[in-house]
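Secondary and tertiary structure notes
Chain by chain, the residues:
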Amino acid sequence: MFAGARPVKADDGQRPFAPPEAYKEKSNGKGNGAARNPEHNEPLVKPIVFRTLADIVAEKRETRWLIADVLEREVLAILAGPRSTFKSFIGLDWMMHIALAGESVVILSGEGAGLDRRADAWMRTFAPSIDLASLPIVALERAVNLNVQATLEVLGDACEALPARPVAVMIDTVSKFTPGMKENDNAEVSAFLAAVSEAIRDRLRCTPLGIAHTGHAEQGRPRGAYVFMANTDAEYIVDRPDLQAMTVTVTRERFKDTAALPPLAYCARVVDLGRLDARGQSVTSLVLDS
């Protein structure tokens, strides 16, 4: 089990930007506030607020982790790998560890109906004495179009309506939640990543984790446009060198605020869920041992 997950207050003194009130319109009669829409009297753009470098350095910031040495706070992250590399299981494992540490998590699952079995197997293995209902983790088991601004806004509203704002939102998989997006088009993908950053990372101050496929020819990078690598804060590539074996590795070469680390290693194994299906067969799922 990962150690080092630390609950953080809504503002723990390490906020990377000026406080919200600094962005409210200011006016001294000389038009120094934000430009305004004359029809609706609404700001068109936020005013630009500079801070002295001395104030920034004085904050003495540190890397802030959701899972120590694995996943940082408030980053746009992508976890990518070929098919059958257990990447969805890895993402779920990370989300469950965060929730077990007492922080709110959202899972957007477009990968079928197996989420219940995966979560059941994880709890039986890593937290058998804990009631799953006590964990602050919720899920959506259908794909919605996150490439539409209105959908992102509705998602943000739903997250803010939870008892606690989520510190992580897993999108499994990015392709399922972006129907119609040309994944090889840098402009389209860049716009999508910018919208997710604003609507989820910045608005909620949380970590969006996208699960993605790697390319057929280039399995060391996410499939599609180059900006999937360039415009994200953190990137993880999953590798399963032997499809007959159950072992995978996950790179930790690119974080936002810390140096590269050696790869993680996981080994998948089958867990019996203690019940039979309609055909009388044992119901099972996988968990990942690290």
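This structure is a prediction, so every number in the text was calculated from the model and none was measured.

**Here we look at the sheet that holds strand 9 (residues 207-213)**
If you trace the nine strands from one edge of the open sheet to the other, you get 7-6-8-9-5-10-11-12-13, paired in mixed fashion. Edge positions in the sheet fall to strand 7 (137-140) and strand 13 (282-289), since each has one partner strand and no second. For this sheet the average axis-to-axis angle between neighbouring strands, irrespective of direction, equals 20 degrees. One ladder, built from five bridges, connects strand 11 (residues 247-252) with strand 12 (residues 261-276); its direction is antiparallel. By the bridge assignment for strand 12, Thr247 is matched with Cys267.

**Thoughts on helix 3 (residues 115-126)**
Taking 1.5 Å per residue as the helical rise, helix 3 with its 12 residues ought to reach 16 Å, and the 16 Å between its terminal C-alpha atoms agrees with that figure. Looking only at helix 3, the buried set comprises Leu115, Ala119, Ala121, Trp122, Met123 and Phe126. Of the surrounding elements, those touching the buried residues of helix 3 are helix 2 (87-100), strand 6 (105-109), strand 7, strand 12 and strand 13.

**A few points about the confidence of the model for the protein chain**
Across the protein chain, pLDDT averages 87, with 83% of residues at or above 70. Note that pLDDT drops below 50 for residues 3-34; the model gives that stretch 43 contacts with residues more than four away or on any other chain.

**Thoughts on the packing of helix 4 (residues 149-160) against helix 5 (residues 186-204)**
Put simply, helix 4 and helix 5 touch, their axes get as near as 10 Å, and they point 15 degrees apart. The angle between the axes of helix 4 and helix 5 places the two elements in the roughly parallel class. For the crossing formed where helix 4 meets helix 5, the hand is right-handed. On the side of helix 4, the interface is formed by Gln149, Leu152, Glu153, Leu155, Gly156, Asp157, Cys159 and Glu160, while helix 5 contributes Ala195, Val196, Ala199, Ile200, Arg203 and Leu204. Across the contact of helix 4 with helix 5, the residue classes break down as eight nonpolar, two polar and four charged.

**Re helix 2**
The terminal C-alpha atoms of helix 2 lie 20 Å apart, and with 14 residues this matches the ideal 20 Å at 1.5 Å per residue to within 8%. Phi turns positive one or two residues past the end of helix 2, at Gly102, with a value near 100 degrees.

**Considering the packing of helix 2 against helix 3**
Packing of helix 2 against helix 3 leaves a shortest axis separation of 11 Å and a crossing angle of 55 degrees. In terms of axis orientation, helix 2 runs oblique to helix 3. In this structure, helix 2 crosses over helix 3, and the sense of that crossing is right-handed. Contacts between helix 2 and helix 3 involve Ser88, Phe89, Leu92, Asp93, Met96, His97 and Leu100 from the former and Leu115, Arg118, Ala119, Trp122, Met123 and Phe126 from the latter. Grouping the amino acids of the contact of helix 2 with helix 3 by side-chain chemistry returns nine nonpolar, two polar and two charged.

**Some points on the side chain of Arg201**
Looking at the element boundaries, Arg201 is found in helix 5. A polar atom in the side chain of Arg201 sits 2.9 Å from the side chain of Asp202.

**Some thoughts on the pattern of salt bridges**
It is possible for side chains of opposite charge to pair when their charged atoms get near one another. Inspection of the entire model under this criterion finds 15 salt bridges. One salt bridge connects Arg205 with Glu74, and the closest N-O pair in it is separated by 3.4 Å. Pair noted here: Arg205 is in the loop between helix 5 and strand 9 and Glu74 is in the loop between strand 4 (71-72) and strand 5 (77-81), with a separation of 131 residues, a long-range link. Accessibility expressed as a relative area gives 19% for Arg205, which makes it buried. Of the charged contacts, one joins Asp157 and Arg203 as a salt bridge, the two residues approaching to 2.5 Å between their closest N and O atoms. With a gap of 46 residues between them, Asp157 in helix 4 and Arg203 in helix 5 connect regions that are remote in the sequence. A relative accessible area of 43% means that Asp157 is categorised as partly exposed.

Definitions and cut-offs
Residues numbered from 1 in each chain as written. Predicted model: local features only at pLDDT ≥ 70, side-chain atom pairs only at ≥ 80, totals over all residues. Heavy atoms only, no water. Pairing = 2+ DSSP bridges. Helix = DSSP H or I, 4+ residues; strand = E, 2+ residues; numbered from the N terminus. Axes fitted to C-alpha atoms, helices over the stretch in contact; angles between N-to-C directions. Expected span 1.5 Å × (residues − 1). Buried < 20%, exposed > 50% of the residue type's maximum accessible area, 1.4 Å probe, protein only. Contact = heavy atoms within 4.5 Å. pLDDT = per-residue confidence, 0-100. Parallel < 35°, antiparallel > 145°, perpendicular 65-115°, else oblique. Left-handed = near helix turned anticlockwise from the far one by under 90°. Nonpolar A, V, L, I, M, F, W, Y, C, P; charged D, E, K, R; others polar. Polar contact = N/O pair within 3.5 Å; in protein donor to acceptor, adjacent residues only side chain to side chain. Salt bridge = Lys/Arg side-chain N within 4 Å of Asp/Glu carboxyl O.

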